[in-house]
Amino acid sequence: MAVRPAGAGDIEQLAQVHVRCWQETYRGMLSDAFLAAVDPADRLRLWRHLLGRPEPAEVWVACDGATVVGFAGARLLPAPGSPEGHPPPSSGDLELWGLYLLASHQGLGLGRRLLTAALGTEAASLWVAAGNGRAIGFYRRFGFEPDGARDILPDWEDLPEIRMVRPVQRFP
């Protein structure tokens, strides 16, 4: 098992893993019909945009051999604050925009390795589905706490999400 920077050669696998992770992660939070309708072609376009440009996005992949099983991505928020119109997080402008790992590969330390690759020990923020207790617990173990900001994703069946922030992390 390895964690490494993503490259253009990972685009197709990332699109497939992204869809599978959504279907696994959001089962019970979103309708089966919504999850079944997620189009891998949309994710393929996204990943081509993120990794196929001259200055690719900062993305890391978790691999089991040659197979991509998860990813994490970080970005700097545009000033002033998040694009959703919320006030800037107290943690500054570094945001974890995604961390997904196939259920079959959770509990093996890959999530921690992805998070560390994406953020290091920097102060950061992230958004997580309010009903995703497992993810919230995971992020809490790494110093993230809800800061009171909430949002609703209308295109995602009005899925509620919360923002979590952490100061500079000091690992034990």
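Structure's up top.
This is a predicted model, so every value here is computed, not measured.

Chemist: Would you mind going over the nonpolar core with me for this structure?
Modeler: Note on soluble globular proteins: their nonpolar side chains tend to be buried together. Ranked by size, the top nonpolar core spans 53 residues in total, and within it Tyr 26, Trp 47, Leu 96, Leu 115, Leu 119, Tyr 139 and Phe 144 carry the most contacts. When residues of this core are assigned to their parent elements, the largest contribution, seven residues, is made by helix H1 (residues 11–25). Apart from the residues lying within four places of it in its own chain, the contact partners of Trp 47 are Ile 11, Leu 14, Ala 15, His 18, Gly 52, Val 59, Phe 71 and Trp 97.

Chemist: I would appreciate a short explanation of the side chain of Ser 91 in the present structure.
Modeler: Tracing the sequence through the fold places Ser 91 in the loop between strand E3 (67–76) and strand E4 (94–101). The exposure class of Ser 91 is buried, given its relative accessible area of 11%. At 3.1 Å, the side chain of Ser 91 and the backbone oxygen of Ala 124 are in polar contact. Beyond its immediate stretch of four places on either side in the chain, Ser 91 contacts Ala 123, Ala 124, Ser 125, Val 165 and Arg 166.

Chemist: Is there a simple way to explain the pattern of salt bridges in this structure?
Modeler: Side chains carrying opposite charge are able to pair once their charged atoms draw close together. Counting across every chain of the model gives six salt bridges. Across the salt bridge formed by Asp 42 and Arg 45, the nearest N and O atoms sit 2.1 Å from each other. Of this pair, Asp 42 and Arg 45 both sit in helix H3 (residues 40–51), three residues apart, roughly one helical turn. Across the pair Arg 163 and Asp 147 runs a salt bridge whose closest N-O atoms are separated by 2.8 Å. Taken together, the positions of Arg 163 in strand E7 (residues 159–166) and Asp 147 in strand E6 (residues 145–153) put the pair 16 residues apart, joining distant regions of the chain. Overall, Asp 147 belongs to the partly exposed group, its relative accessible area being 29%.

Chemist: When you look at the layout of surface pockets in this model, what are you seeing that I'm missing?
Modeler: A volume near 1,300 Å³ is recorded for the largest pocket. In this structure, the largest pocket is lined by 45 residues; those nearest its centre are Tyr 26, Trp 97, Gly 98, Leu 99 and Tyr 100. Elements with a minimum of two residues in the lining of the largest pocket: H1, H3, E3, E4, helix H4 (110–119), strand E5 (124–129), helix H5 (133–141) and E7. In terms of residue count, E4 provides more of the lining of the largest pocket than any other element does, seven residues in total. Residues that form the lining of the largest pocket fall into these classes: 26 nonpolar, 10 polar and nine charged.

Chemist: Explain the sheet that holds strand E2 (residues 58–64) to me, please; I cannot follow it from the model alone.
Modeler: Pairing between sheet strands relies on hydrogen bonds along the backbone, with the strands arranged either parallel or antiparallel. Across the sheet, which stays open at both edges, the seven strands sit in the order E1-E2-E3-E4-E5-E7-E6 with mixed pairing between neighbours. In this open sheet, the two strands that pair with only one neighbour each are strand E1 (2–5) and E6. Along the sheet, successive strands turn relative to each other by an average axial angle of 25°, direction set aside. Two elements, E1 and E2, share four bridges in a ladder whose sense is antiparallel. Residue pairing across strands places Val 3 opposite Ala 62, the latter belonging to E2. Lying over the sheet, H1 contacts E2, E3 and E4, oriented at roughly 90° with respect to E3.

Procedures and definitions
- Residues numbered from 1 in each chain as written.
- Predicted model: local features only at pLDDT ≥ 70, side-chain atom pairs only at ≥ 80, totals over all residues.
- Heavy atoms only, no water.
- Core = buried A, V, L, I, M, F, W, Y, C linked by side-chain atoms within 4.5 Å.
- Buried < 20%, exposed > 50% of the residue type's maximum accessible area, 1.4 Å probe, protein only.
- Helix = DSSP H or I, 4+ residues; strand = E, 2+ residues; numbered from the N terminus.
- Contact = heavy atoms within 4.5 Å.
- Polar contact = N/O pair within 3.5 Å; in protein donor to acceptor, adjacent residues only side chain to side chain.
- Salt bridge = Lys/Arg side-chain N within 4 Å of Asp/Glu carboxyl O.
- 1 Å grid on protein atoms, 1.4 Å probe; cavity = no way out; pocket = protein on both sides within 12 Å on 5 of 7 lines; lining within 4 Å.
- Points joined across faces, edges and corners; volume = space filled by probe spheres on them.
- Nonpolar A, V, L, I, M, F, W, Y, C, P; charged D, E, K, R; others polar.
- Pairing = 2+ DSSP bridges.
- Axes fitted to C-alpha atoms, helices over the stretch in contact; angles between N-to-C directions.

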